[in-house]
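A structural walkthrough
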Amino acid sequence: MKFAQRVEQLPPYLFAAISRLIEEKKSQGVDVISLGIGDPDLPTPNHILESLNKYSFVPENHRYPESEGLPEFREAVARWYSNRHNVILDPSTEIVSLIGSKEGIAHLPLCFIDPGDISLITDPGYPVYEIATMFAGGSSIRVPLEEKNGWMPDLKTIDKDVIKKSKILWLNYPNNPTGAVATKAFFEEAIEWAHSNDILIAHDLAYADVTFDDYVAPSILEINGAKDVAIEFNSLSKTFNMTGWRIAMAVGNADVIDALTRVKSNMDSGVPQAIQQMAITAMDDPRDSITVHNKIYQIRRDKVLKVLRDLGLQVETPKASLYVWAKLPEGESNSGDYAAQLVEETGVVVTPGSSYGISGEGYIRISLTISDERLDEALSRLSEFASRK
Ligand SMILES: Cc1ncc(COP(=O)(O)O)c(C=O)c1O
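Residues numbered from 1 in each chain as written. Predicted model: local features only at pLDDT ≥ 70, side-chain atom pairs only at ≥ 80, totals over all residues. Heavy atoms only, no water.

Examining the pairing of strand S6 (residues 200-204)
What counts here: Three exposure classes are used, based on accessible area relative to the maximum for each residue type with a 1.4 Å probe and protein chains only: buried under 20%, partly exposed in between, and exposed over 50%. The way it works is that DSSP assigns letters per residue, a run of H or I at least four long becomes a helix, a run of E at least two long becomes a strand, and they are numbered from the N terminus. By definition, two strands form a pair when at least two bridges between them are found by DSSP. By definition, the crossover connecting two strands over a helix is right-handed if that path, from the first strand to the second, turns clockwise as seen with the strands pointing away from the viewer.
For S6, the tally of buried residues reaches five of five residues, placing the bulk of the element in the interior. Of the two faces of S6, the one carrying Leu 200, Ala 202 and Asp 204 and the one carrying Ile 201 and His 203 are both buried. Taken together, the four bridges between strand S5 (residues 166-171) and S6 define a ladder with parallel strand orientation. Across the sheet, Ile 168 pairs through a bridge with Leu 200, a residue of S6. Handedness of the crossover joining S5 and S6 through helix H8 (residues 184-197) is recorded here as right-handed. Sheet analysis places S6 next to strand S7 (residues 230-235), joined by four bridges and oriented parallel. Bridge pairing links Asp 204 to Phe 233 in S7.

Looking at unusual backbone geometry
The omega torsion of the bond from Asp 123 to Pro 124 falls at 10°, within 30 degrees of zero and hence cis. Mapped onto the fold, Pro 124 is located in the loop between strand S3 (118-123) and helix H6 (128-135). Even without being glycine, Asp 213 reaches a positive phi, approximately 50°. Its place among the elements puts Asp 213 in the loop between S6 and helix H9 (226-229).

Things to note about the site of the ligand
Counted only if it meets this: Throughout, near means a residue has at least one heavy atom within 4 Å of the molecule or strand. Whenever two N or O atoms come within 3.5 Å, that pair is a polar contact, provided that in protein one can donate a hydrogen and the other can accept it, and provided that, for residues adjacent in sequence, both atoms are side-chain atoms. Here the Shrake-Rupley method, with its probe set to 1.4 Å, supplies the accessible areas, and only the displayed protein chains count as covering residues.
Near the ligand there are 15 residues, and of these Asp 204, Ser 235, Ser 237, Lys 238 and Arg 246 occur at the shortest range. In this structure, an oxygen atom belonging to the ligand sits 2.6 Å away from a side-chain N or O atom of Ser 237. In this structure, an oxygen atom belonging to the ligand sits 2.7 Å away from a side-chain N or O atom of Lys 238. Against a free-state accessible area of 400 Å², the protein chains account for coverage of 91% of the ligand.

Considering the sheet that holds strand S2 (residues 95-98)
The cut-off we apply is this: The convention used is that axes are lines fitted to C-alpha atoms, helices contributing only their stretch in contact, and that angles between N-to-C directions extend from 0 to 180 degrees. Here, two residues are considered to be in contact whenever any of their heavy atoms come within 4.5 Å of each other.
On the basis of which strands lie adjacent, the open sheet formed by seven strands has the order S2-S8-S7-S6-S5-S3-S4 and mixed pairing. Only two strands of the sheet have a single partner each, and these edge strands are S2 and strand S4 (139-144). Pairwise comparison of adjacent strand axes, ignoring direction, gives a mean angle of 25° for this sheet. The strands touched by helix H11 (residues 254-265) are S2, S6, S7 and strand S8 (248-252); relative to S2, the strand with the most contacts, the crossing angle is about 35°.

What is shown is where atoms sit, not what they do.
Laid out in structure tokens, this is it:
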């Protein structure tokens, strides 16, 4: 059997060495605690689950859905964007439902990228942008994110020849893995840049509503002229603790939404309708559950910050996302080695920054999606490790 090049080209699983170490530790009876995964531990709120239960009994919902999503779902997304971002969207042309934003992100390059074309991706970053570009036959150029620039790309430094071949610039704020947030001024600059270079901006707003200290994350569509050159991926996964239900949306430029819908409709048959109904309930309800969840994450964030600082790691206080991004202590430079050392000495797993790209080297990512009890146990082990050093 000979596999296609796109499979042969898939990068090795960067977490592999640590995974082996985790298995080894578990087989030795060590109680391993993972702070590596960004998947909310808190359940989907009851009223949303009750809505799924109710709509699962509707016979209409037992049939194939449409790829673009129920009109009611798209109208609810339009209401959400209007109330939350003051952005007006046409439900019939500017919104499509997705089976999680990962699905839309993975399909978008099929609409834009031909062999030889380039995606501009920010590094460190969510790996799907690059892999989906490779699947479409294109290649990715990494635009570094650096702490000194607040983890924002410097668009002025991108090579002119690269720009000529580029079709998409991927952005993601609040950012995974750095937790950085974008200013509206940055989005304005990016939209102007996209207009002058005729490049689509695909903004990933998956962490829009996981925010702390009264911070409110903007949508890129709040910028004048954004709809000419941008689409945005938004998701119910992190906002409503709904990662398991797989529902999200792409919104923005009508031609892009049309192309994405056409590609998608040849690949999938949309999101189960009862889940779309459940999502309507989630989006139409008051923001109480979001506020409650964010308070829990914020308390966890503050506990993590304290212990990391005791360990000698330099860390900014993130305003959003499910992650704390920390610079390795003086004398340590390899994030994989440092993460392996933590597993070895404490049984606590963190993600090496290098897993997200070369510019992530020298950092680790800690996720806040673990129960308070397990987090406290992990932090007490890390504190003890710090006191031994
Ligand atoms: C930056 C980013 N974008 C998109 C996703 C995908 O989220 P979903 O497919 O659950 O909407 C994730 C998931 O962790 C993510 O971190």
